[in-house]
Structure formats: C-alpha cells, structure tokens
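Given next are the chains, with one letter for each unit.
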Amino acid sequence: EQHYPKRINVVDELVDRHVREGRGDNVAIYFEDREITYSELQEQVNRLGNALKDLGVEPGDRVVARFPNRPEAIVSCLAIQKIGGVALPSMKLLRAKELEYIINNAEAAAVIVYDGLLEEVDNALPNLDTVENVIVAGRNGVDHDHHSYDDLVDAADPELEAHDTERDDLALMLYTSGTTGRPKGAIHTHQNILATADGYARYCLEPTEDDVFGGNPPLPFAYGYGDLVTFPLRFGASVSLVEDASPGDLLDAVEAHGITILASIPTGFNQILEQYPDGPEEYDVSSLRLGLSAGEPLTPTTYENFKSAYGIDLLDGIGTTEMLHIFISHRHDGEIDPSATGFPVPGYECKIIDPDTGEDLERGESGLLAVRGPTGMEYWNRPDKQEEVTQDGWSIPGDIFVQREDGRFEYKSRSDDLIISSGYNIPGPEVEAVIEEHDSVSEVAVVGSPDEQRGEIVKAFVVRAEDETDEDELIGEIQNHVKNTLAPYKYPRSVEFCESLPRTDTGKIRRTELREQEHA
Ligand code: 3SK
C-alpha cells in the first residue's frame, strides 16, 4: 500500500526531486538525436508553466495537450500539472467533431497543439465554448494566428515552484476512446499517477535509473502515459520517444537510445515479428531486457515467437483508461505462464463475480472481474455512470476472467465479446488466439453473427498472411484447427477474408463495429 503526503504535486516527484537529489544531468528524454536532461526538462516545464499562468490558466483548469509522441507533449502535461491544472492529452487521430465534444465536455480553458495537428483544432474552434487560448508548437511553417509555444517559452521565467496541490486534486483526464457511445473523461489525481509507478512498475518491472523505456503506445493512451512518462520519470530513468513508429523506427531507437524496456501492443510486436521474424540483423537490440504488452490480450503464440526471436519475455497486463494502468500482470522475474494474464499487481485486489447476481464466484468459475486498489473508475461529470461501473467500492471494468487454482487470472473476453451459441458461452478472443496460430493468418477478429437456429454463430474475420492456399481450403483448415484445439462448438462456422480489421486510435480491434455490421 502506498501512502502519500496530503500535499504533493506529481511534477515535484517526477522531475524536481531528481534535480534536488543531484540527478539533474541524467538524460530524461531521448528524441531523434537530442538528449534532454532532467535539469533541462525542469526548465522547459517551468517556462511553459509560467507562460500558462501569465495567460490566465488557473489551478483546476483543464488544458488539452495534442501532440504526437514528442518531448513537447511531456513538457506540456507536466507544465499544466505543475501549476495545478489538469492535463488532457488528446489522441492525434481525433477529428474536429470528436475534439469539439471532448473539449466542451471537459470545459477546457486552453489547447496546446503541435502545428501538424492544428487543422482539426481550427475546424473545431468556432464551436468550442470555453477555450480562451490556443498555443501552437512545432516548426513545420504552418500559418496561424495563435500563440507561439516557442515565443511564450523563450520569454517566460525559468523558475517555478510546484503549485501546492493536494494528493486528491485532479491532474490528468483521459477520454476513453470506447467502442460505443460518447467518450467519457476518466479522471485521475496526483496520487493516482504516482500509484501506477509505485505499484505495477515498481513491483512488476523493478526499474532502475539505468533503464530506458521506449515503444510506440501514444502518450494520450493511459498505457503509453504510464510507460513513457510516469514510469521513466518516477525512477530517474530515461524515455526514448519515437514519432509514428514503424517496426524499423522502433528497432532503430532501441539501438540508438539503448532501450531496455520496450512497450507496445500485441499488433505492434506481431508487426515487428512479421518484418524481422528471426530478430533483426541490421539492428543491435542487445540492450532489451523486457517487453510490455497491453491493450489486447497477448496470445501464447506471439509470446513464444517473440521470445525465441528476440530473447526477451513479453509481460502481458490488463489495465484500463479508468484504472489508469495495469492491475493484473506477471512479474519480470516471476514464472510467466503466457496462457494467463498473471496475478493482481501489489496494492490491488481482484475477484470474480457473477454477472447477474454480483455474488463472489469460486476459483475455476468464469465471471466478471472486480478490482479494488489505489486507482478506481471515476468519470468527469458523469455521476450516473458511477453506479454502472462500480459495486460496493469495487470497480467493474467489464472483462470476463477466471481465477485459476494457482491464483493466476486468465482473460476470457470482454463481457460483451462473449458469443452465446446454442446455449454455449464462447469467448471470441479465445477462438482468435487459436486461429492466429495458423501460418496463413496474419490478423483475426471473432464476433457473434446472428443465426436462426443457434441464436448466434462464431464468425471470424481474417486478414491473410501472404501465401497461396486456396480460400475454401484455408477455411476448412482454420475450422479444423479450432475444432482440434478447443471444444468443437467453438469453431467458426463462418469465415470472411478482409484486407484489414477496424481499429481504435489505440490499436484495439473494434469488434463492436464488426458485431454491428453482422447484426445490421
Ligand atoms: O488496455 C489495457 O490493457 C490498458 C493497460 C494499461 C493502461 C490502459 C489500458 C487501456
């Protein structure tokens, strides 16, 4: 359990403390060929924080930071938090209409945006009710009549004391991309942010000052915010940022910056494997000690293939935007069983409850996962949702899990990914993991498709790997492979080939879109 003093500012803990304690010359951020030390980071944060104050940004104000994975994204979030504001990082793929909804819902006072992403902000601007200042960063020569980030920072005072915030003051707001409905703002306090590092990172990864975190989850994704902002800075380590990371860019950064902990989602690791199946000959990746995977369940196939080609474990974990980071995982030095997600992260309790009655279930029985710990589900201005997502102080993220006899939690599906066919409960992701093992399959998503006789049947959308197998023959092979691996009723009665799968900004498969398409 973590105990934080009542008055604490997360930026004092993540940046100022390192400078005070003599680590100012350590590298905090690697980006392209630049190295930004903790002292330099502190100065940039201070200058931007003072500039925001001069513009009238007050403690408690929400401020949007809209950037690709660049150093200004980190500086902006930290500057906002240091003056007591609430950072609202925004996904770069969001369009004007989506931005408009989020910014108005959050009643944001200002927007800091990278010039390459300005267009959608400008398109939304006429409909933004509360935004008083737009600050534009970047040197791409984009014409605008907003404040210039560089000019503001150059003119501002480099000294700034962290605002005297309380541990329960809001510091971060992340909108859930959600697969249905309007996005909701998940809210997090100064101590929630620290708790992700002092729980999951400290116990499962054991980082030291010598670690270099890197990878490609976007910073506005809670998973990316933890892996690429909170964790490196909490431990006085470094982060390597890569904009728009292809497998080659990522491996190049591993070599150039000496990344030790590489974070991605399963698709990211599969893309690396596809391009460099036997490990890369042209890059030296010997610095790597661990890979982190979340966002989608990691299949044993990807785990094994990555381990044999790259020699490192991929630590799977489950978290949510609302819980801020991972609450079930293995530990880097534990016995990793890739067919399970792992154990509750220290500080969290997890249990399985009956979806209908809410009663606790026994080990071995699958049901809804309930979680309790130092972070919890809470939304901005949505007290109505609170009852839906919590029960007696437990958060209910909406996942079906089983706790095995050995204590490990094994993911089954989202509660809405359960396919019910002829009375059988079939978790789509379980079938996906098996289909993915077939050599001719590159990606797969499984959903329920309506059926007169069975209620629903299992349907697989398959992106083929490059090979010559005849389509009908391949369908038969996939079906037989599932029948031979799982209970035969789980086999996909329907298989459709497609060019690509629909995904959210964070790379999750939009099964809802496929499901709705089937039910239309
Ligand atoms: O999707 C996940 O597993 C996840 C992990 C960490 C933080 C946030 C999310 C959504």
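Cut-offs used in this document
Residues numbered from 1 in each chain as written. Predicted model: local features only at pLDDT ≥ 70, side-chain atom pairs only at ≥ 80, totals over all residues. Heavy atoms only, no water. Helix = DSSP H or I, 4+ residues; strand = E, 2+ residues; numbered from the N terminus. Rg over C-alpha atoms; globule rule 2.2 N^0.38 Å. Buried < 20%, exposed > 50% of the residue type's maximum accessible area, 1.4 Å probe, protein only. Contact = heavy atoms within 4.5 Å. Areas by Shrake-Rupley, 256 points an atom, 1.4 Å probe, with all protein chains shown as cover. Lys, Arg positive; Asp, Glu negative; His and termini not counted. Charge placed at Lys NZ, Arg CZ, Asp CG, Glu CD. Polar contact = N/O pair within 3.5 Å; in protein donor to acceptor, adjacent residues only side chain to side chain. Pairing = 2+ DSSP bridges. Axes fitted to C-alpha atoms, helices over the stretch in contact; angles between N-to-C directions. Salt bridge = Lys/Arg side-chain N within 4 Å of Asp/Glu carboxyl O. Near = heavy atom within 4 Å. Phe/Tyr/Trp six-rings, centres within 6.5 Å; stacked < 30°, edge-to-face > 60°. 1 Å grid on protein atoms, 1.4 Å probe; cavity = no way out; pocket = protein on both sides within 12 Å on 5 of 7 lines; lining within 4 Å. Points joined across faces, edges and corners; volume = space filled by probe spheres on them. Nonpolar A, V, L, I, M, F, W, Y, C, P; charged D, E, K, R; others polar. Patch = residues over 30% accessible without salt bridge, like charges linked within 9 Å, V, L, I, M, F, W, Y side chains within 5 Å. pLDDT = per-residue confidence, 0-100.

The next thing to look at is the overall build of the protein. From N to C terminus, the protein includes 15 helices and 27 strands. Here the C-alpha radius of gyration of the protein, 23 Å, is about what a compact globule of 520 residues would show, namely 24 Å. Within the protein, the proportion of its 520 residues that are buried is 59%. Sequence-distant contacts in the protein: of pairs separated by 6 or more residues, those separated by 24 or more amount to 66%. With the model as given, the accessible surface of the protein reaches about 21500 Å², and the carbon-plus-sulfur share is 40%. In the protein, 44 positive and 101 negative side-chain charges are present, and the distance between their average locations comes to 5 Å.

Here the focus is the side chain of Thr267. As for its position among the elements, Thr267 is in helix H10 (residues 266-275). Among the residues examined, Thr267 registers a relative accessible area of 15% and is labelled buried. At a separation of 3.2 Å, a polar atom in the side chain of Thr267 contacts the side chain of Arg503. Aside from chain neighbours lying at most four places away, what touches Thr267 is Arg503 and Gly507.

The sheet built from 3 strands is open, its strands ordered E25-E26-E27 with mixed pairing. The sheet terminates laterally at strand E25 (441-451) and strand E27 (494-497), the two strands that pair on one side only. Adjacent strand axes in the sheet meet at a mean angle of 25 degrees, parallel and antiparallel pairs treated alike. With 10 bridges connecting them, E25 and strand E26 (residues 455-464) associate as antiparallel partners. Bridge assignment links Val444 to a residue of E26, and that residue is Val462. Lying on the sheet, helix H14 (residues 471-485) is in contact with E25, E26 and E27; it crosses E27 at an angle near 135 degrees. Here helix H15 (residues 511-519) sits on the sheet in contact with E25 and E26, set at roughly 40 degrees to E25.

Now for the pattern of salt bridges. For the structure shown, the criterion picks out 38 salt bridges. One salt bridge connects Glu496 with Lys459, and the closest N-O pair in it is separated by 2.8 Å. With Glu496 in strand E27 and Lys459 in strand E26, this pair connects stretches of sequence that are 37 residues apart. Owing to a relative accessible area of 31%, Glu496 belongs among the partly exposed residues under this scheme. Among the charged side chains, a network of salt bridges with common partners joins Glu13, Arg17, Glu21, Arg23, Asp198, Arg202 and Arg234.

Another aspect to go through is the environment of Cys204. Looking at where Cys204 falls in the secondary structure, it is placed in helix H7 (residues 190-205). Look at Cys204 and you get buried, because its relative accessible area is 1%. Distance in space between the C-alpha atoms of Cys204 and Ser440 is 35 Å, their sequence separation being 236 residues. Ignoring any residue separated from it by four or fewer positions in sequence, one finds Cys204 in contact with Gly199, Leu315, Ser329, His330, Arg331, His332 and Val345.

As a matter of local geometry, the ligand sits amid 14 residues, with Phe221, Tyr223, Gly295, Gly319 and Lys508 nearest to it. Interatomic distance of 3.2 Å between a backbone N/O atom of Gly295 and an oxygen atom of the ligand. In this structure, Gly319 approaches the ligand through a main-chain N or O atom, which is 3.0 Å from an oxygen atom. In the complex, 96% of the free accessible area of the ligand, which totals 280 Å², lies under the protein chains. Those elements that place two or more of their residues in the shell around the ligand are helix H8 (222-234) and strand E14 (314-319).

Here the focus is the packing of aromatic side chains. As enumerated under the stated definition, the model contains 9 aromatic pairs in all. Arranged with centres 6.4 Å apart and planes meeting at 40 degrees, the rings of Phe67 and Tyr114 form a pair that is tilted. Of this pair, Phe67 sits in the loop between strand E3 (62-66) and helix H3 (71-82) while Tyr114 is found in strand E5 (residues 110-114), placing the two residues 47 residues apart along the sequence. An identical accessibility class is assigned to Phe67 and Tyr114; each is buried.

Our focus in this paragraph is empty space enclosed by the protein. Unoccupied space between atoms shows up once a probe the size of one water molecule is rolled over them. For the coordinates displayed, the defined rule picks out 2 cavities of 30 Å³ or more. In this structure, the largest cavity encloses a volume near 60 Å³. Among the elements of the structure, H3, strand E4 (86-90) and H8 are those that each provide at least two residues to the lining of the largest cavity. It is H3 that contributes the most residues to the lining of the largest cavity, 3 residues altogether. Looking at the second largest cavity, its volume works out to about 40 Å³. Looking at the second largest cavity, the residues that line it are Leu298, Tyr303, Leu314, Leu315, Asp316, His330, Ile336, Asp337, Pro338 and Ala340. Ranked by the residues each element gives to the lining of the second largest cavity, the list is headed by E14, at 3 residues. Residue composition of the lining of the second largest cavity, grouped by class: 7 nonpolar, 1 polar and 2 charged.

A few words now on a negative patch on the surface. A cluster of acidic residues, Asp470, Glu471, Asp472, Glu473 and Glu477, forms a negative patch at the surface. Along the chain, Glu477 turns up in helix H14.

With that settled, the discussion passes to the confidence of the model for the protein. Averaged over every residue, the pLDDT of the protein is 93; the share at 70 or more is 98%. Across the interface, the model reports ipTM at 0.98; the global pTM reads 0.89.

Across a sheet, strands are paired by hydrogen bonds formed along the backbone, either parallel or antiparallel in direction. Sheet architecture is open: 9 strands sit in the order E2-E1-E11-E10-E12-E13-E14-E15-E16, paired in mixed fashion. Each of the sheet's edge strands pairs with one partner strand only, and the pair in question is strand E2 (34-37) and strand E16 (343-344). As judged from the 3 bridges shared by strand E10 (residues 212-215) and strand E12 (residues 261-264), these two strands associate in the parallel manner. Across the sheet, residue Phe213 finds its bridge partner in E12, namely Ile261.

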